[in-house]
Amino acid sequence: MKNILFILLSFLILSGYSQQKQVKSMKAFMNNSLRNDELPYGNNPSAGHYVTSGDAKIYYEIYGKGKPLVMLHGGIAGSTYETAELIDNFSKSYQVIAISTRGHGKSELGMQPHTYEQKAKDVIAVLNEVTKDSVTVFGFSDGGYTGYYLASLFPERVKQMVIIGAAETHPGDYKINLKVSDMMKLDQVYWEQQLRLMPEPSRLQEMFDKVGEVVNTMEVSKTFFATIKCPVLVMSGNHDQFVSTQRVVNASKMIPNAELSIIPNATHAAFLENFPAVWAASSFFLKIPLNDNLQTTTNKKRMDNSVELTLTHHLTAFGTNNLDEILKDYTNESVIMTPKGSINGLSEIREFFKDFFAVIPRGSSFAMKQKTIVGNVAYILWNSESHSTKILVGTDTFVFDGNKILYHTVADYRVQKQ
């Protein structure tokens, strides 16, 4: 039987999309918007260029005019396109240099060790082609760590930085061990696009392994941060699932000239979930006049997206029978309503899911038939089958308060196998 986790997530991400082989518009990883009327950031021939850095050709795009700003996307599943709103708005005041990290998008992976020192050198190779000025850097996650190393190794080339989702890190803080087959199941449309862009698509697993090896063992702490002399705005979503708020605060204290901004109601990709707050903090730090006509390139409802992320976390935890993670989505005031009565508070909710997992354990088949999100309410329709039980139809309705499930209704029709 297929693992319930990947069937659930595949439906959540891919529902509503045609599974056609050719997709003209670009998309960001696990983002439900495919839009045809915007610039294909990361695959725009009119703005694209290449430079050789060491043993790899690095791809970058240039937008706007003014002082240079380097845009560094996230790693592994990251792409230039995820930074579309940022590029749209920064390009009004800056010359934006959006770089595809080696092994990502149209950039080659090369054979050099996949270190942040090398990634910083890749950025310098691009800058040597584009500008003699020192630059502003906006880096997200993996791109944030690249930004840190760039400022540490080449201080004369970095004027100021905005770093989001990258903080104090010690060996063992991350345990990344990703497989291409699993990532394809999470967002097949995205990876089909990326594989068509990559000059060496057969090396995608190798890229995953190289990034994982570096991230799992890296040390970015007080001694290193002390070498960063430029002003830095350290930013994070208040519910970042990869970087704790405490580690973000620690980084802001370890960097000699740092400011701190915690973005409310946001997880790791805070700029995708609460762009106005990220833009306001960045603009204030960089002294960009705030524009009432802020250009947003996504038309999805912000609340809907927050619900989508929490629902995805809930179903991921459900698919792996992870009670501790499931309980993170509820509070002691949460209520689950069932045909047998209400389940109140964390203790009763834990027992409810323990009993449910006895019927539908990890590894059971699961098919999602419908998912609807309106505002802070989500509805799913599904069926499932385990070795002992067949659930012909199940429905759940979730009412969210921020990133917590306040009310949850559960009903299903099940048949015991002979």
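All figures in this text were calculated on a predicted structure; none of them were measured in a lab.

Asks: Can you help me understand the overall build of the protein chain in this one?
Replies: Regarding its fold elements, the protein chain presents 14 helices and 14 strands. Across the 418 residues of the protein chain, 55% fall into the buried class. Look at the contacts in the protein chain between residues 6 or more apart in sequence, and 69% of them connect residues 24 or more apart. When the accessible surface of the protein chain is summed, it comes to about 18,000 Å², and 53% of that surface belongs to carbon and sulfur atoms.

Asks: Sorry if this is basic, but what is going on with the layout of surface pockets here?
Replies: Empty space among the atoms becomes visible once a probe the size of a water molecule is rolled across them. Its volume calculated, the second largest pocket comes out at about 370 Å³. If you go around the second largest pocket, you meet 15 residues; those closest to its centre are Thr338, Lys340, Phe352, Phe356 and Arg414. Those elements that provide at least two residues to the lining of the second largest pocket are α14 (345-359) and β14 (404-416). Here the lining of the second largest pocket gets 6 residues from one element, more than from any other, and that element is α14. Classifying every residue of the lining of the second largest pocket gives 8 nonpolar, 1 polar and 6 charged.

Asks: Which parts of the structure should I look at to understand the sheet that holds strand β8 (residues 258-263)?
Replies: Sheet strands pair by backbone hydrogen bonding; their relative direction is either parallel or antiparallel. An order of β1-β2-β4-β3-β5-β6-β7-β8 is seen for the 8 strands of this open sheet, with the pairing classed as mixed. Only two strands of the sheet have a single neighbouring strand rather than two, namely β1 (48-53) and β8. Averaged over all neighbouring strand pairs, the angle between strand axes comes to 20°, with direction disregarded. Pairing geometry for β1 and strand β2 (residues 56-63), over 6 bridges, is antiparallel.

Here is what the cut-offs are and how they apply
- Residues numbered from 1 in each chain as written.
- Predicted model: local features only at pLDDT ≥ 70, side-chain atom pairs only at ≥ 80, totals over all residues.
- Heavy atoms only, no water.
- Helix = DSSP H or I, 4+ residues; strand = E, 2+ residues; numbered from the N terminus.
- Buried < 20%, exposed > 50% of the residue type's maximum accessible area, 1.4 Å probe, protein only.
- Contact = heavy atoms within 4.5 Å.
- Areas by Shrake-Rupley, 256 points an atom, 1.4 Å probe, with all protein chains shown as cover.
- 1 Å grid on protein atoms, 1.4 Å probe; cavity = no way out; pocket = protein on both sides within 12 Å on 5 of 7 lines; lining within 4 Å.
- Points joined across faces, edges and corners; volume = space filled by probe spheres on them.
- Nonpolar A, V, L, I, M, F, W, Y, C, P; charged D, E, K, R; others polar.
- Pairing = 2+ DSSP bridges.
- Axes fitted to C-alpha atoms, helices over the stretch in contact; angles between N-to-C directions.

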